[in-house]
Amino acid sequence: MYNRTIIDKLQAWKQQTNRKPILLDGARQTGKSYLLKELFGAQFNQVLVLDFLENPELADIFSNKKTPEYLLQQIEYTLDTEFNPNTDLLILDEIGECQNAVDSLKYFAEKAPQMFVCASGSNIGLLNSFPVGKVTGLEMHPMSFEEFLMASGSKAIVNAWRQREMSPALHRKLFQHLKDYYYVGGMPEAVAAWFNEDSLRNRVKAVSQIHFDLVAGYVRDFGKYADVGNKVNAAHIEAIFRNIPLQLRTSLDDSVNRYRFKEVIPKKNRYRELAGPIDWLVKTHLVSKNYIIETPETPLAAYRQDNLFKLFMFDIGLLGHMLDLKYDEHQDQNYAFKGYVTENFAQNEMLITGYNPTYAWHSGESEIEFLYPTENGSIIPVEIKSGARTKAKSLSVYIKKHKPNKALKFIGSDGSDKDQTLQVLPLYYISHIAKL
């Protein structure tokens, strides 16, 4: 396993005098437990872990009183150990399986702000109630391209990437890593296999099997929500999940189209009929929305329509697996729908920077993949191109019509400053967007 950049936020939280409990949310298998137990936990004298998914009986601890003093006493009895609130870390893993434990976070925040309490879960968005204002929320994503570079072990390449250096030799190296990342994605198990196997053949085989197992595991999880009284049908969730790559695959105009609701689920052709399973997938972080708007003014949320959006997969490697893309196809970059893989990559990198939800612009036949709002209230149009060509009619239309102070274009080649308004950069620098 490898280091994660989010640990910087955990360390800053640890230095606070009074702190709310951490609530780490994110899709299953993205490394939440490892991050808390091993990477962050190494900084404490002792780590106590309550895993409510592995040991459901632990929920009994939280069934009565929820004061920190009482709960710590019951935890010490159950685990047969002592806990020092000033030096030890308490982890409530898969806390979404125990609503009473979720409710207890409020009391840890109010009555024991000196304690180090971290909770994690993959179904936080599905909870019936939530201690609003009583937790410090963090979201865990699959490993970013930066973390993929870190896992490669090349400190020189990582440092050059962080400095946004540009040279032909560096570009060749970074673009090779990017094409590998398109295939592997950011699921920690897949990344570990990629850098630990001893041959390319074994790497590809191992990653393919991991992707297969992960997709099958997510589909099995859908079945947990197929109870008779549940409002969201598990079969409908699976239909939406499997349909996203299919919709990308049928788009042939080098840009991801709006999500189409027709023929995804039999006899259900409208947004309101699919909203339940779509929102379920969004809340569990398996997919993300990119809202399409026509008015590029802040706040962007004021101009969005609930039924007009693109849907993206949370991990680029799993998307490629579900599209049946082979490693060699990523290397050749000649397959028909590489533009949609690239756009999904850009979406995920932006989410990691904290830009969520994202927005796209559409007017007539022109479309810009992303609109990036800055802290000063301006909006930067961001064009994504999978190839080396830099001509972009839509971006020219946008600049002429809305006259932005800055425009960005990320391409599948080394970039350059084109003029005072338009900056052209390689795709692998998309997560630097806030610094540009």
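Sequence positions are assigned chain by chain, starting from 1 and proceeding in written order. Given that this is a predicted model, residues contribute local features only at a pLDDT of at least 70 and side-chain atom pairs are listed and counted only at 80 or more, while totals for whole chains, interfaces and linings are drawn from all residues. The basis for every side-chain value is the complete set of heavy atoms in the structure, and neither hydrogens nor water enter the calculation.

Engineer: Mind laying out the overall build of the protein, listing which residues take part and the relevant values?
Structural biologist: Helix and strand definitions here come from DSSP, where helices need a minimum of 4 consecutive H or I residues and strands a minimum of 2 consecutive E residues; each element is numbered from the N-terminal end. From N to C terminus, the protein includes 15 helices and 14 strands. Radius of gyration: over C-alpha atoms. The globule rule applied is 2.2 Å multiplied by the number of residues raised to the 0.38 power. In terms of overall size, the protein behaves like a compact globule, its C-alpha atoms giving a radius of gyration of 23 Å where 436 residues would be expected to give roughly 22 Å. C-alpha atoms of the protein, sized along the principal axes, occupy 65 × 55 × 50 Å. Relative accessible area decides the class of each residue, using a 1.4 Å probe on protein chains only: under 20% of the type maximum gives buried, over 50% gives exposed, and in between gives partly exposed. Counting across all 436 residues of the protein, residues that qualify as buried make up 55%.

Engineer: Which residues make up the sheet that holds strand β7 (residues 309-313), and what are the values?
Structural biologist: What the four strands build is an open sheet, ordered β7-β6-β8-β9; its pairing is mixed. Only two strands of the sheet have a single neighbouring strand rather than two, namely β7 and β9 (366-368). The mean inter-strand angle of the sheet, taken between neighbouring strand axes irrespective of direction, is 25°. A pair of strands counts as paired when DSSP detects no fewer than two bridges linking them. Pairing geometry for strand β6 (residues 287-293) and strand β8 (residues 358-363), over four bridges, is parallel. The axes used here are C-alpha line fits, helices contributing only the stretch in contact, and every angle between their N-to-C directions lies in the interval 0 to 180 degrees.

Engineer: Hey, could you go over the nonpolar core for me, with residue numbers and the actual values?
Structural biologist: Put simply, buried Ala, Val, Leu, Ile, Met, Phe, Trp, Tyr and Cys residues joined by side-chain atoms within 4.5 Å make one nonpolar core. The biggest cluster of nonpolar side chains holds 103 residues, and the ones touching the most others in it are F222, I240, Y259, L281, L286, V382 and F410. It only takes one pair of heavy atoms within 4.5 Å for two residues to be counted as in contact. Sequence-distant contacts of Y259, defined by excluding residues within four places in its chain, comprise I240, N243, I244, Q247, V264, L274, I278, F309, K310 and L311. Residues L48, F83, I95 and F108 belong to the second largest nonpolar core, which totals 27 residues.

Engineer: I'd love a proper account of the pattern of salt bridges, names of residues and values included.
Structural biologist: Between Lys or Arg on one side and Asp or Glu on the other, a salt bridge is scored when a side-chain nitrogen of the former is within 4 Å of a carboxyl oxygen of the latter. Under the definition given, this model contains 11 salt bridges. Measuring nitrogen to oxygen at the nearest pair gives 2.9 Å for the salt bridge that ties R162 to E146. Of this pair, R162 sits in helix α6 (residues 155-162) while E146 is found in helix α5 (residues 145-152), placing the two residues 16 residues apart along the sequence. On the basis of relative accessible area, R162 is assigned to the partly exposed category, the value being 36%. Salt bridges here are not isolated pairs; linked through shared partners, they connect K106, E110 and K134.

Engineer: I'd like a rundown of the pairing of β7, residues and numbers included.
Structural biologist: Regular strands have side chains that alternate between both faces of the sheet. With five of its five residues buried, β7 lies for the most part within the structure. A two-sided burial pattern is seen for β7, the buried positions comprising F309, L311 and M313 on one face and K310 and F312 on the other. Strand direction decides the pairing type here: β6 and β7, joined by five bridges, are antiparallel. For V287, the partnering residue across the bridge sits in β7 and is M313.

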